[in-house]
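Each chain, letter by letter, is given below.
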Amino acid sequence: MKPSVLRAALMALSLALIGCQVSMPSGARPPVSSAAAHLVGRAEFPAADRQAQSELSEVVSGATVSLIDARSGNSVSTSLTDAGGGFVLNFAGLAPRAGDAFVLEAQKGLSVGGASNRPGTKAARIRTLLVWNEGWQSFTNATPNVGIVVSAATTALATLTSLKQQAGQSVPLEKLVNSISGSTFNDVGTGLAASDFSKVLGLVGSAIALDQDPLASIGYDSAADTYRLATGVPWIAGYSPAIPSTGSIVTIRGTNLDRLDGRNVFWFGTVPAATWSVSADRSTATMSVPAGAFCAPFTVQQPNGATQTISPFLLIKGTVGTLAGGGRADQSTRTNPTGDGQGASAAFRPVGLSALRDGAFIMTGDFSRVRRLTLEGAVSTLAGGDVTGFADAQGPSARFNGGCRAVLDPQGNIYVSEWFNNAIRKITPGGTVTTLAGAGPEGYYDGPAHMAQFKNPYGMCVLPSGDLLVADRGNHRIRRVGPTGVVTTFAGTGTAGDADGSLLTAQFRDPVDMLLDPSGDLYVTEYGGNRIRKISPAGVVSTYVGSPTAVPGAGDGTGTGASFYQPTGLCRDGSGELYVADSRNYAIRRIAPGGVVTTLTGGVQSFADGSLAAARFGYVYDVKLGPSGELYVTDLGNYRIRVVCP
């Protein structure tokens, strides 16, 4: 199956005959008359054996009728039917030309008491084709403006025509005018067979009797020359493997997967599967991950027009995708005042990420909010609100100003470092926000919680003892905070410099993040030092990778032979490799054991999802490991959360 054919088939079933113009006799075009200003007709929904709205009056009354311009697909006018199915459409200013084609569609919701009768099915539609020829002609009338009917028969003819056209057959649409009388189709000169019409008409009635939309439920197997109704809505149970790669085979498990052309279309983000096959029992579908696919939602477009999510965010090896964020930080839009939302609808300023126990992340960076991010891309506010400030309180009543990083302790408490409040805040599992230490003008002072001072505190880590280590960026020190908030200096002299040595003689330049590995080594990224420092369990500070003299660069290499440009966040995988957000190189760097540095992805300031080689980032400020080895990146330059699947 070719994707272009599949997309066209689905388009035809959801809007038949769009783009058509009927050939009219040669000669001057007739002038536009007042008849174009309104249209009178009747809708006839089949009512027998309906599972819902079984009486004719229930079906036809209150149906929405729309006149659709076949060239543009735009609705010209809409109205509601009366108790007998009659309708009047008014459209002052419409100026059709001779031969212009329009679609007339009546739609009725399949519901009783506001509840859907069939999962995934929203409405039944019937339709006909209209042609302007000194008035309105249709499948049911040659005399302009007299006898226009939208019915199961006209729907069958519209569906049959679209299916045949998609199979490559030419249908002279002008021959279809006045070809329907009641439920009879006069096929003379149309190129269509009355026998085929009868088959499709029966399926239209069956679809509505089963509370299905006939225009989205009838399929045509051109090879076998057969028509069929999908009597069950496709249902997806799962897929494998969990993390495929481009070109590999993915198997979908479920029920009612249709085997006919144009029935199911599988989408890897915005890239459709090029080919697939469905098992004879319709329980599995296999397909190849198309070239150009990357980490993104994995969905199937069903025969009833609905889209079902197979995976909210499918990881694809060797690619980069966007999990959340629409490219803006503004939270005060009319439709999304908080910035919370799903995927691209969310708006935020991402700086830091920290894993929660349930698999989600704490996200910091918004000046006034601490957020929660799920692996499916749902963003919500954990604490804080629209207003910046400093206030301890419960959840949304608390006030923050410039949260940079967050960490989680074994008891489930969340600690947040605040750039502008110069404080370390604590959020309990119950949502109560208190101040652990700091909260005053920037400065440097060791002592009790209420007296201690920080200058732009940034990254943190939790020691086995329960104490916090804080990268006090503005003071060029690593500070230690005890459980009661007592602050001491762990490392650094306070002078920005490059000296290695013991804890209190070594110098740092803008330390911003830290990571404690299982052996007790502490890794520190230096934003101004353009390097990664290492502090041994014995308290010896050394330069692990990057320039010993703070020279920026983008070179791969080993140890001090590699270079960085304002590195920020870092994380470690199970094999001991480190990953670093190299902010001004717009890249994610990988450090193998032994200090071998390579560039995993990025390197050019821009925005692009795709393969590791093609992906582009803005300023990247944090990187954290996911449950399957994937990396979650705060792309502050593009206001998005990116996912890298090595």
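In the block above lies the structure referred to throughout.
No experiment lies behind these values; they were computed from the predicted model shown. (Residues numbered from 1 in each chain as written. Predicted model: local features only at pLDDT ≥ 70, side-chain atom pairs only at ≥ 80, totals over all residues. Heavy atoms only, no water.)

Draft legend 1. Representation of the overall build of the chain within the structure. On a plain count of helices and strands, the chain comes out with four helices and 50 strands. The burial tally for the chain puts 54% of its 646 residues in the buried class. Carbon together with sulfur atoms contributes 53% to the accessible area of the chain, which is approximately 24300 Å² in total. (Helix = DSSP H or I, 4+ residues; strand = E, 2+ residues; numbered from the N terminus. Buried < 20%, exposed > 50% of the residue type's maximum accessible area, 1.4 Å probe, protein only. Areas by Shrake-Rupley, 256 points an atom, 1.4 Å probe, with all protein chains shown as cover.)

Draft legend 2. Just the nonpolar core, in detail. L39, L67, L104, W136 and F197 are the most contacted members of the largest nonpolar core, which totals 46 residues. Core analysis: the second largest hydrophobic core is formed by 18 residues, I236, V250, I252 and V300 among them. (Core = buried A, V, L, I, M, F, W, Y, C linked by side-chain atoms within 4.5 Å.)

Draft legend 3. Geometry of the packing of aromatic side chains. Going through the model one piece at a time under the given rule, you end up with 12 aromatic pairs. Considering the side-chain rings of F268 and F298, the 4.4 Å spacing of their centres and the 20 degrees angle between planes classify their relative orientation as stacked. One end of the pair, F268, is in strand β17 (residues 265-268); the other, F298, is in strand β21 (residues 296-301), and 30 residues separate them in sequence. Summarising the burial analysis for this pair, F268 and F298 share the class buried. Each residue in the set F102, W132 and W136 is aromatic and connected to the rest through ring pairs, giving one cluster. (Phe/Tyr/Trp six-rings, centres within 6.5 Å; stacked < 30°, edge-to-face > 60°.)

Draft legend 4. Looking closely at the pattern of salt bridges. Going through the model one piece at a time under the given rule, you end up with 28 salt bridges. For D366, the salt bridge is made with R371, and the minimal N-O distance between the two is 2.4 Å. Looking at D366, the relative accessible area reads 4%, which means it is buried. Owing to a relative accessible area of 0%, R371 belongs among the buried residues under this scheme. D392 serves as the salt-bridge partner of R425, at 2.9 Å between the closest nitrogen and oxygen. With R425 in strand β31 (residues 423-427) and D392 in the loop between β28 (378-384) and β29 (403-408), this pair connects stretches of sequence that are 33 residues apart. Taking the relative accessible area as the measure of exposure, R425 reaches 0% and is therefore buried. It is possible to trace a salt-bridge network through shared partners that takes in D498, D500, R509, E526, R531 and R533. (Salt bridge = Lys/Arg side-chain N within 4 Å of Asp/Glu carboxyl O.)

Draft legend 5. Main features of the sheet that holds strand β33 (residues 457-462). Reading across the sheet, the four strands line up as β33-β34-β35-β36 and stay open at both edges, with antiparallel pairing between neighbours. At either margin of the open sheet sits one strand with a lone partner, and together these are β33 and β36 (487-491). Across the sheet, the mean angle from the axis of one strand to that of its neighbour is 30 degrees, orientation sign disregarded. Here strand β34 (residues 468-472) runs beside strand β35 (residues 477-481); their pairing, made up of five bridges, is antiparallel. Bridge pairing links L469 to R480 in β35. (Pairing = 2+ DSSP bridges. Axes fitted to C-alpha atoms, helices over the stretch in contact; angles between N-to-C directions.)

Draft legend 6. Region of the structure containing the sheet that holds strand β44 (residues 578-582). Spatially, β42-β46-β45-β44-β43 is the arrangement adopted by the five strands of the open sheet, whose pairing is antiparallel. In this open sheet, the two strands that pair with only one neighbour each are β42 (557-558) and β43 (567-572).

Draft legend 7. Broad picture of the state of the cysteines. A full pass over the atoms with the stated rule returns zero disulfides. Between C645, a cysteine without a disulfide, and C295, which holds the nearest cysteine sulfur, the sulfur-to-sulfur distance is 4.9 Å. Note on C645: relative accessible area 3%, which makes it buried. (Disulfide = S-S within 2.5 Å.)

Draft legend 8. Summary view of helix α3 (residues 152-166). Look at α3: 21 Å from first C-alpha to last across 15 residues, which is about the 21 Å you get at 1.5 Å a residue. Among the 15 residues that make up α3, 13 are buried, leaving the element largely enclosed by the rest of the structure. For α3, the side-chain oxygen to backbone nitrogen distance between the N-cap and A153 is 3.3 Å, and the N-cap itself is S151. Just beyond α3, the residue with positive phi is G168, at close to 100 degrees. (Expected span 1.5 Å × (residues − 1). Polar contact = N/O pair within 3.5 Å; in protein donor to acceptor, adjacent residues only side chain to side chain.)

Draft legend 9. Representation of the layout of surface pockets. Taken as a whole, the largest pocket spans an internal volume of roughly 610 Å³. If you trace the largest pocket, you find 24 residues lining it, with S354, V407, M514, L515 and K624 closest to the centre. At the level of secondary structure, the elements contributing two or more residues to the lining of the largest pocket comprise β25 (352-355), β29, β33, β38 (511-516), β43 and β48 (620-625). Along the lines of polarity and charge, the residues of the lining of the largest pocket split into 16 nonpolar, one polar and seven charged. (1 Å grid on protein atoms, 1.4 Å probe; cavity = no way out; pocket = protein on both sides within 12 Å on 5 of 7 lines; lining within 4 Å. Points joined across faces, edges and corners; volume = space filled by probe spheres on them. Nonpolar A, V, L, I, M, F, W, Y, C, P; charged D, E, K, R; others polar.)

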